[in-house]
Amino acid sequence: VTLNIQADKPIAKVSPTLYGLMTEEINYSYDGGLYAELVNGRAPGPQWDALEHWVAVTEGSAQASISVDPANGPSTALPRCLKVTIKQAGPGEQAGVLNDGYWGIPVRPDTTYQASFYAKTDAPSLGPVKISIVDNQSGRAVASATIPSITSEWKQYSTVLKTGQVSVSATNHLVLSVEHPGTLWLDLVSLFPPTYKDREHGFRIDLMEKLAGMHPAFLRFPGGNYLEGDHIAERFDWKKTIGPWVDRPTHPSPWHYHSSDGMGLLEFLYWCEDLHMQPVLAVYAGYSMMQEHVEPGAALDPYVQDALDEIEYVTGGSDTRWGAIRAKNGHPAPFSLTYVEVGNEDFFDKSGSYDGRYAQFYKAIKQKYPQLQLIATTPVSSIKPDVVDDHYYKKAEEFFADVHHYDGTDRNGPKIFVGEWATREGGPTPNFGAALGDAAWMTGMERNSDIVVMASYAPLLVNVNPGGMQWRTDLIGYDTLTSYGSPSYYAQVMFANHLGKEVVGSTVSGGGPRFFYSATKDEDKGILYLKLVNASSVPQPVDLRLMGAGTIGSTAKLISLSSKTTQDTNTLADPMHIVPTETALTGVKDSFSHTVPPYAIQILEVSLK
Ligand code: AHR
């Protein structure tokens, strides 16, 4: 291959928001994933008893049973609750309930856990209530605390549980128990481990660290199908996801498990804040996946109003109605917002109503917030969208063949957001062949990032425990205790962390169908970033000619991700099998040769003095 780089000829701006994250509740991404809550089914939902995670437990001759009380819960939002009937218990013979967690409760030594629950009893008081993390095998408590007594009125109780010198393990459960007969109603039983940046009821540390490593510019939320739900009543109804948990009804998700809605609108915004990402807020637009839709016109008005209220919740000062509610919920300062997406994949709406629905949202939002950029989920004709969201789930071969997809896109048309894309090979997380497909595709997006303003891989997260995955392939895998990045994850880390501000001119000859590249430059830093992808099984010699580069540093940083086969991958058991390596490449000058190994993704960071 001969690759000519015209370092002094910028041909397009690189979007500063090119690489970001897309997320939704899928594959136990939040519950049982990023949202660090350890209790599975902390509140029975409208259509979910959660009893597969709750079991009555007794010691000695104690007796207890458990059921869901349909109309005795702690709030209007949570009318249902757990009812624990303790027929017999006594000193040294505890009775109560256990929760098995999300594939166990993770335990680490010298760690403090925040526990809380709502409770009431039928007597004036019942207690003490013991709350313990218990080892599944030995039945011994590894940490416990006591609430002296509970009363006949619903009340929230909180305490902390501290482990000592225990081994790291996931094979534990949580127990709440008493040593007196009585009836105990429970709801919102919760246990949190330490979280990222110590955020109260926040996020799992190892996953946030992996996401931070991607340096994402934005977060698209809350979906995906999860935004729409199977039915209109099961959409992400943001007003039901804010405020105290006791005011959140929880809801069924289209990915076949119930959502606790612990991850509500404000938590998404906290996530953005913690990782310095800008929110890309997807608003429900009147279409749900079982072909339910709301006709444009008066019927759609309440949904448009909901979106306006949502934008006000995110961006309004605390002197606005919804900004004041956000302040009351704990965040007085408004968040900044540039992009709002209207719906998700509305090309699936067979009624053809999206054109009208989008236009109605567009006009109402622009009237109040003219500065916002409004994303359409499919092309529309009645109005020109600011941005259109394109989705691609492909095989590596298909991405290789499509890397010039945006080369000829009309620069006067809407901007492009590649809001979901992935090479789907391997599983649960992608293999190295998929990473090659991803890298090839990213070179095409980078070269066209004057028009492709944002791109986000999907899905982002997967709990790899049995039954955890609904969609293959996913960027980051984890179980109850640990996590790993797939080769595709590392390709993204490499691409996002080595990106110039301008695409520079280039020509290539002799590359063949398995060689891909992009060249960007950061004038301020004096760095030229060359991304080279060899998706073939043989070494690829490259003659590099750096024209107009001025004085070139003779040693470049070479970051490499490669593998012997396309089937190789990372797993929980072997998380660092394929990771980037960094070496120094010497002999760099305005004309030099470099051989890209077989199956390799490389970045050359050339300094321009
Ligand atoms: O990423 C998985 C799903 O793929 C998303 O929920 C949906 O938008 C798309 O069809």
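Residues numbered from 1 in each chain as written. Predicted model: local features only at pLDDT ≥ 70, side-chain atom pairs only at ≥ 80, totals over all residues.

The protein goes by non-reducing end alpha-L-arabinofuranosidase in an unreviewed UniProt entry, where it is assigned to Acidisarcina polymorpha. UniProt's Sequence similarities (unreviewed entry) comment on the protein is quoted here verbatim: "Belongs to the glycosyl hydrolase 51 family." Check the Catalytic activity (unreviewed entry) section of the UniProt entry for the protein; it says "Hydrolysis of terminal non-reducing alpha-L-arabinofuranoside residues in alpha-L-arabinosides." (UniProt positions renumbered as here; feature names shortened; annotations may be inferred.)

Here we take up the sheet that holds strand E12 (residues 155–162). With respect to topology, 5 strands assemble into an open sheet ordered E4-E5-E14-E7-E12, the strand pairing being antiparallel. A strand with exactly one partner marks an edge of an open sheet, and here the two such strands are strand E4 (63–69) and E12. Here the average twist between neighbouring strands, direction ignored, is 30°. Sheet topology note: the strand E7 (residues 112–121)/strand E14 (residues 182–192) ladder contains 7 bridges and is antiparallel. Across the sheet, the residue bridging to Thr 121 is Leu 184, located in E14. (Pairing = 2+ DSSP bridges. Helix = DSSP H or I, 4+ residues; strand = E, 2+ residues; numbered from the N terminus. Axes fitted to C-alpha atoms, helices over the stretch in contact; angles between N-to-C directions.)

Turning to the packing of helix H4 (residues 301–315) against helix H5 (residues 321–329), a few remarks are in order. The N-to-C vectors of H4 and H5 enclose an angle of 50°; their axes lie 7 Å apart at closest approach. Between H4 and H5, the angle is such that the two are oblique. Note that H4 runs across H5; the crossing there is right-handed. Counted together, Asp 309, Glu 312 and Tyr 313 of H4 and Arg 321, Trp 322, Gly 323, Ile 325 and Arg 326 of H5 form the full contact between these two elements. Residues belonging to the contact of H4 with H5 are distributed by class as follows: 3 nonpolar, 1 polar and 4 charged. (Parallel < 35°, antiparallel > 145°, perpendicular 65-115°, else oblique. Left-handed = near helix turned anticlockwise from the far one by under 90°. Contact = placed C-beta atoms within 7 Å. Nonpolar A, V, L, I, M, F, W, Y, C, P; charged D, E, K, R; others polar.)

A few words on H4. Compared with an ideal rise of 1.5 Å per residue, which puts 15 residues at 21 Å, H4 spans 21 Å between its outermost C-alpha atoms and is within 8% of the ideal. The set of residues buried in H4 consists of Tyr 303, Val 304, Ala 307, Glu 310, Glu 312, Tyr 313, Val 314 and Thr 315. Of the surrounding secondary structure, the elements contacted by the buried residues of H4 are helix H3 (265–274), strand E18 (278–283), H5 and helix H6 (354–368). (Expected span 1.5 Å × (residues − 1). Buried ≥ 20, exposed ≤ 12 C-beta atoms within 10 Å, placed from the backbone.)

The next thing to look at is unusual backbone geometry. Residue Pro 222 is reached from Phe 221 by a cis peptide bond, and omega for that bond is 0°. Turning to its location among the elements, Pro 222 is positioned in the loop between strand E15 (218–221) and helix H2 (225–228). Note that the residue after Gly 427, namely Pro 428, is joined by a cis bond; omega there is 0°. Secondary-structure assignment places Pro 428 in the loop between strand E24 (415–423) and helix H8 (432–447).

Glancing now at the packing of H8 against helix H9 (residues 487–497). Following both chains from N to C, one finds H8 and H9 inclined at 25°, their axes separated by 8 Å at the closest point. As summarised for this structure, H8 and H9 are arranged roughly parallel, according to the angle between their axes. Taken as a pair, H8 and H9 cross one another with a handedness that is right-handed. Contact residues: H8 offers Phe 432, Ala 434, Ala 435, Asp 438, Ala 439 and Met 442, while H9 offers Pro 487, Ser 488, Ala 491 and Phe 495. A breakdown of the residues in the contact of H8 with H9 according to their chemical character gives 8 nonpolar, 1 polar and 1 charged.

So, on to the domain arrangement of the protein. Here the domain parsing of the protein yields domain 1 (2–14 + 500–607), domain 2 (19–36 + 196–484) and domain 3 (51–192). For domain 2 versus domain 3, the distance between C-alpha centres works out to 35 Å. Across the contact, 13 residues belong to domain 2 and 13 residues belong to domain 3. When grouped by side-chain class, the residues that make up the side of domain 2 that touches domain 3 number 6 nonpolar, 4 polar and 3 charged. (Domains from an automatic or database assignment.)

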